[in-house]
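# Breakdown of the fold
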Amino acid sequence: MQNLPRRTVLGLALAPAWFSTFAQPQHFPNGTVNIVVPLAPGDAADTSVRVLAEELAKTLGTSVVVTNRPGAGGALGANAVVRARKDGLTILFAQNSALTFRPVIEPQAVSYDAASDLVPLGISSRTPSVLVVRSDAPYRTLADLVEHAKKEPGRVRLGHPGAGSVGDFCIQLINALTGAQFLAVPYAGAAPAVTALRGEHIEGVVLALGALSAHIKAGAFLALVASSRVPEMPELRTMREHGYPEELFGVWLSFLAPGGIPEQARQALVGAIEQAVKAPAVGARLAPLGILQSYGTPAQQTAEMRDELRRVGELARKTGLVK
C-alpha cells in the first residue's frame, strides 16, 4: 500500500462509497406510494383502504396516498396500474371483480391479464354480497321480490357498482336461478348506487355488505339475501337456504403491483401489507363498515384468483352470460 500512488490510494478509499451509491439497488420506498383504487370515493372499500394506507405509511416510513379511478368494473384502475412505472410506488387495491369477473364477462374491455400483468401482494379483507331494497318497499322477502319481477319482466331495476362487477354477476345469476328478469343498472361505484336506491330511482341494489351495513342498521334498507351468513344478521339467508342450487359470489379485496417490480420492492410491500392488515386497530375500524379483516398471503391470493376465475367462467357459460 505504501508503494501505491497517492491518487490510487484515495480511489480505493472512496470505492466502497461509490459502489454503494451507484451499484447497489436503492432503498425502497424512495418516494410516495400511490394506491390506485378502482372504486368511487365514499365506498366502504374505499374507506377501508384509507385505514390501511395510514398503517402502511407507518410501516414503510413514507407518505401513502390513495387515488380513485372508478369505472368499467375496476378495469380502468387496473389498467392504470399495469401501465405504471415498475418501481413499486404505484400499487392497486382492487375487488375481485376487476380480477376474475370483468375478464370473463367482457374480455374485450380488459387489456390486462391479471395473472401475468399484476403481482399479488396479499388479500386484506372480505365482505359478503347482499341484495337490499328500501325498507318501505312492498316486498318483504326474496320470494316477494322475485314474484313481483316475474309479473313485470324487465321493469324491476337492481343497481350494481359497474359492468363486470361482483354485483352485476350476482344479478345475472339471480335472474338465471329464479327465472325473473331483473334489469341490471350499472353505476360508477357502490356509493352512487346507494344514492339511486335512496332516491327511489331503482328498486334495489346488490353490493358488498360494507357499502350497505350502515344503511341496514339505520333501518333505511331491508336485506333479502346474502352470499354468505352474516353473524349480526342471523335472519338473513343465502340463495341455497332459499332453495336455489348456487350461492352468490362474495367480495374480497387485495393489493397488487405491476408485474416486473424489483424483488426488494415486492418483499417490502408484502411485509408492510401483512403487518397493516393484521393490526388490531385496523380490524376494529373495519368491523363497523361490514368488512372482515382477513389476511391472505400472495400465494393464497394467486390460488383464489385462479379458482374463482374458473368458477366464474363455468357459471357464466352455464347461465348463458357468455358463450
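Residues numbered from 1 in each chain as written. Predicted model: local features only at pLDDT ≥ 70, side-chain atom pairs only at ≥ 80, totals over all residues. Heavy atoms only, no water.

### Focus: the overall build of the protein
Applied cut-off: Helix numbers and strand numbers start at the N terminus; a helix is a DSSP run of H or I with at least 4 residues, a strand a run of E with at least 2. Throughout, exposure labels follow a simple rule: accessible area from a 1.4 Å probe, protein chains only, divided by the maximum for the residue type, with under 20% read as buried, over 50% as exposed, and the rest as partly exposed. Throughout, a residue-residue contact means that at least one pair of heavy atoms, one from each residue, lies within 4.5 Å. Calculation of accessible area relied on Shrake-Rupley with a 1.4 Å probe; when residues are assessed, cover is drawn exclusively from the protein chains displayed.
The helix and strand tally for the protein stands at 12 helices and 11 strands. Taken along the three principal axes of its C-alpha coordinates, the protein extends 100 × 40 × 30 Å. The burial tally for the protein puts 52% of its 323 residues in the buried class. Pairs at least 24 residues apart make up 77% of the contacts formed inside the protein by residues separated by at least 6 positions. Carbon together with sulfur atoms contributes 54% to the accessible area of the protein, which is approximately 14600 Å² in total.

### Quick look at unusual backbone geometry
For the bond from F28 to P29, the omega torsion is 0 degrees, close enough to zero to count as cis. Within the secondary structure, P29 sits in the loop between helix 1 (6–22) and strand 1 (33–37). One non-glycine residue, E200, lies in the positive phi region at around 65 degrees. Tracing the backbone shows E200 in the loop between helix 8 (190–198) and strand 8 (204–208). Given the relative accessible area of 51%, E200 is considered exposed.

### Section: the environment of P234
As for its placement among the helices and strands, P234 is situated in the loop between strand 9 (221–226) and strand 10 (251–258). Here P234 falls in the exposed class, since its relative accessible area comes to 55%.

### Details of the sheet that holds strand 9
Our working rule: Two strands pair if DSSP finds at least two bridges between them. Interaxial angle, 0 to 180 degrees, is taken between N-to-C directions of lines fitted to C-alpha atoms, where a helix line uses only the stretch in contact.
Reading across from one edge, 7-6-8-5-9 is the order of the 5 strands in this open sheet, with mixed pairing throughout. Both edges of this open sheet fall to strand 7 (183–186) and strand 9, since each of them pairs with a single strand only. Strand-to-strand twist of the sheet, defined as the mean angle between neighbouring strand axes without regard to direction, takes the value 30 degrees. In this structure, strand 5 (residues 129–134) lies alongside strand 9, joined through 5 bridges in antiparallel fashion. By the bridge assignment, V132 is partnered in strand 9 with A223. Its contacts with the sheet place helix 8 against strand 5, strand 6 (157–160), strand 8 and strand 9, and it is angled at close to 155 degrees to strand 8. Docked against the sheet, helix 9 (residues 209–217) engages strand 5, strand 8 and strand 9, running at close to 120 degrees with respect to strand 8.

### So, the sheet that holds strand 10
The 6 strands lie next to each other as 2-1-3-10-4-11, forming an open sheet whose pairing is mixed. On the outer flanks of this sheet lie strand 2 (64–68) and strand 11 (292–296), each paired with one strand and no other. The sheet shows a mean angle of 25 degrees between the axes of neighbouring strands, taken without regard to direction. Across the sheet, helix 10 (residues 263–278) is in contact with strand 3 (90–95), strand 4 (118–127), strand 10 and strand 11; its angle to strand 4 comes to roughly 5 degrees.

### So, the pairing of strand 4
Counted residue by residue, strand 4 has 9 buried out of 10 residues, so it is predominantly covered. Bridge count for strand 4 against strand 10 is 8 bridges, and the pairing is antiparallel. Within strand 10, the position partnered with P120 by the bridge is L256. Relative to strand 11, strand 4 runs antiparallel, the two sharing 3 bridges. Note on strand 11: the bridge partner recorded for I123 is G296.

### Details of the confidence of the model for the protein
Here is the rule we go by: Every residue gets a pLDDT, meaning the predictor's confidence in that residue, from 0 to 100.
For the protein, the mean per-residue pLDDT works out to 89, and 92% of the residues sit at or above 70. In the predicted structure, residues 6–25 sits below a pLDDT of 50 and forms 6 contacts with residues beyond four places in sequence or in another chain.

### Looking at the side chain of E246
Within the secondary structure, E246 sits in the loop between strand 9 and strand 10. Take E246: its relative accessible area is 19%, and that puts it in the buried class. When sequence neighbours within four positions are dropped, the list of residues in contact with E246 reads L177, M239, R240, L315 and K318.

### So, the packing of helix 8 against helix 9
Put simply, the rule is: Each crossing is labelled by how the near helix is turned from the far one, with a counterclockwise turn of less than a right angle marking it left-handed and a clockwise turn marking it right-handed. In this classification, Asp, Glu, Lys and Arg are treated as charged, Ala, Val, Leu, Ile, Met, Phe, Trp, Tyr, Cys and Pro as nonpolar, and every other residue, Gly included, as polar.
With their axes 10 Å apart at the nearest point, helix 8 and helix 9 run at an angle of 35 degrees to one another. Once helix 8 is placed against helix 9, the crossing between them reads as right-handed. Contact residues: helix 8 offers A190, V194 and R198, while helix 9 offers A211, L212 and H215. For the contact of helix 8 with helix 9, a count of residues per class yields 4 nonpolar, 1 polar and 1 charged.

### Let's talk about helix 4 (residues 97–105)
For helix 4, a buried count of 7 out of 9 residues is recorded, marking the element as mostly surrounded by other parts of the structure. Residues of helix 4 that are buried include every one of S97, A98, L99, T100, F101, R102 and V104, and no others.

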